[in-house]
Amino acid sequence: LQKIKDLFSAKEKADSAVNATVNNYRQQLAENSKNFRIRIKLAELLLSTGDKEEALAEYVTTARLYLDHGFSPMAIAVYKKILKVDPEHMDANLQLARIYQRENLFADAITYYQQVFEFYQKNDQPNEALSILEKILDIAPDKAKFRRLMHKLFPDFQETEKSIYSDIIITDQA
């Protein structure tokens, strides 16, 4: 019985120490909200305690701060960490695609755009899927493959000189 009490006591002490550390990190962030290192530590600590949503929010904030300050490689690393925790995190997939596109790493951009496209297709969001497919077509070296996909999924689309694909709006044909 004493061993069980000791275990509970040790767990309470550990929980108390974690809470104190979380509060300390939050206090430091209140003083300097752009402290990347503390944000990452806080996110990791929150993730280790099972607070996945708040951890992801801290990771997203950190990645955006890295981007705002021109640290694209660090932002990429954080977004990839987000995807390890939540592979269907659409903001992380979209941001990675945009970063890679901006860096002219089109194959990598297409990979992340495809993840978003598949998510939208799976969740019956055809307008959003079409928008992503347009982005892929803009940068894909092999446009024929994606044009065939466009024709298959969106048979009513027509290319115009004004806008190749943007004038299409998918409506429920039921």
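The structure presented is a predicted model; accordingly, all values stated were derived computationally and were not measured. (Residues numbered from 1 in each chain as written. Predicted model: local features only at pLDDT ≥ 70, side-chain atom pairs only at ≥ 80, totals over all residues. Heavy atoms only, no water.)

**A look at the nonpolar core**
If you look at the biggest cluster of nonpolar residues, it comprises 41 residues, and the most contacted ones within it are Y79, I82, Y113, I132 and I136. Broken down by secondary-structure element, the contributors of at least two residues to this core are α2 (36–48), α3 (52–68), α4 (72–85), α5 (90–102), α6 (106–122), α7 (126–139) and α8 (143–153). Beyond its immediate stretch of four places on either side in the chain, Y79 contacts A63, R64, L67, D91, A92, Q95, L96 and I99. If you look at the next biggest cluster of nonpolar residues, it comprises eight residues, including L29, L42, L45 and L46. (Core = buried A, V, L, I, M, F, W, Y, C linked by side-chain atoms within 4.5 Å. Buried < 20%, exposed > 50% of the residue type's maximum accessible area, 1.4 Å probe, protein only. Helix = DSSP H or I, 4+ residues; strand = E, 2+ residues; numbered from the N terminus. Contact = heavy atoms within 4.5 Å.)

**Side note on the confidence of the model for the chain**
The share of residues in the chain with pLDDT of 70 or more is 80%, and the mean pLDDT across the chain is 84. Residue range residues 160–164 is modelled with pLDDT below 50. Its contacts to residues more than four positions away, or to other chains, number four contacts. (pLDDT = per-residue confidence, 0-100.)

**Examining the environment of I136**
Note that I136 resides in helix α7. Under the relative-accessibility criterion, I136 is labelled buried at 1%. Taking C-alpha positions, I136 is 10.0 Å from R147, a pair spaced eleven residues apart along the chain. Sequence-distant contacts of I136, defined by excluding residues within four places in its chain, comprise I110, Y113, Q114 and F146.

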